[in-house]
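Now for the letters of each chain:
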Amino acid sequence: EFEPGGEPPPGGEKMTNVGFELDANGDNRPDNWTTNAAFTRSSAVVHSGTFSGRHASSTNAGYNVYQTATGITGGVTYAFSGWLNIPATTDKFTFEIQMNWRGAGGKISTVTIYSRTTSTSGTCWSGSSRTRPSTTRSPGSATSRTPAPC
């Protein structure tokens, strides 16, 4: 379960429904995120608020869940952080958080902010800051920070 959070960038939060609270159509999928059957809202394990995002797949197939941020400015540093809880499992998996920087011609680069292949010891915080290259139009240099390591 991952609950994005942290300090908003200059000009305010660039992502919407970061706490997975909104579900206007009642489909148990958080609004403003891409839809995947393996990703739902859950109230079982939360850090704050009422809901968190829950990844659960029984097919062992890879999938992506994402949101496109707008109003991104070149040369500005943006932070992405959140609370993570991966329960113990015997399954093999890779959980990654990435920023994809895009320019007028498409994707420029992908930066992996966080990657994990094992469970966490309860809920922990992970975050990173990235500077948007001046040639991109949506989410460089990297500064990682993890005060409560996962």
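Residues numbered from 1 in each chain as written. Predicted model: local features only at pLDDT ≥ 70, side-chain atom pairs only at ≥ 80, totals over all residues. Heavy atoms only, no water.

## A look at the environment of R132
Examined against the element boundaries, R132 turns out to sit in the loop between β7 (124-131) and β8 (141-145). Residue R132 is classed as buried on the basis of its relative accessible area, which comes to 5%. (Helix = DSSP H or I, 4+ residues; strand = E, 2+ residues; numbered from the N terminus. Buried < 20%, exposed > 50% of the residue type's maximum accessible area, 1.4 Å probe, protein only.)

## Points about the nonpolar core
F80, F95, I97, I113 and Y114 are the most contacted members of the largest nonpolar core, which totals 17 residues. Listing elements by their share of this core, those giving two or more residues are β4 (77-84), β5 (95-103) and β6 (106-116). Here the element with the most residues in this core is β5; it accounts for four residues. (Core = buried A, V, L, I, M, F, W, Y, C linked by side-chain atoms within 4.5 Å.)

## Some words on unusual backbone geometry
The phi dihedral of N28 falls on the positive side, at around 65°, and the residue is not glycine. In this fold, N28 is placed in the loop between β1 (2-5) and β2 (39-42). The partly exposed category is assigned to N28, whose relative accessible area is 35%. We note that N32 has phi near 75°; this positive angle belongs to a residue other than glycine. Mapped onto the elements of the fold, N32 is located in the loop between β1 and β2. Exposure remark for N32: the relative accessible area of 45% places this residue in the partly exposed category.

## Examining the side chain of N36
Secondary-structure assignment places N36 in the loop between β1 and β2. At 2.8 Å, the side chain of N36 forms a polar contact with the backbone nitrogen of A38. (Polar contact = N/O pair within 3.5 Å; in protein donor to acceptor, adjacent residues only side chain to side chain.)

## Some thoughts on the packing of aromatic side chains
Applying the stated rule across the entire model yields two aromatic pairs. Their ring planes at 40° and their centres at 5.2 Å tell us that F20 and W33 sit as a pair that is tilted. You can see F20 sitting in the loop between β1 and β2 and its partner W33 sitting in the loop between β1 and β2, a full 13 residues away along the chain. W33 sits in the buried class, given a relative accessible area of 13%. With a centroid separation of 5.6 Å and an interplanar angle of 75°, the aromatic rings of F20 and F39 are classed as edge-to-face. With F20 in the loop between β1 and β2 and F39 in strand β2, the pair connects residues that are 19 residues apart, well separated along the chain. Here F20 and F39 have matching classes, each one buried. The residue whose ring lies beneath R41 is F51, and the NZ or CZ to ring-centre distance is 3.6 Å. (Phe/Tyr/Trp six-rings, centres within 6.5 Å; stacked < 30°, edge-to-face > 60°. Lys NZ or Arg CZ within 6 Å of the ring centre and 35° of its normal.)

## Quick word on the pattern of salt bridges
All told, the structure shown has one salt bridge when counted by the stated rule. For R41, the salt bridge identified is with D23, shortest N-O distance 3.9 Å. Of this pair, R41 sits in strand β2 while D23 sits in the loop between β1 and β2, and the two are 18 residues apart along the sequence. Side by side, R41 and D23 carry an identical accessibility label, which is buried. (Salt bridge = Lys/Arg side-chain N within 4 Å of Asp/Glu carboxyl O.)

## Focus: the environment of F39
Residue classification places F39 among the buried positions, given a relative accessible area of 3%. Separated by 26 residues in the primary sequence, F39 and V65 place their C-alpha atoms 7.5 Å from one another. In this structure, F39 is in contact with F20, R29, P30, W33, G53, R54, H55 and V65, ignoring residues within four places of it in sequence. (Contact = heavy atoms within 4.5 Å.)

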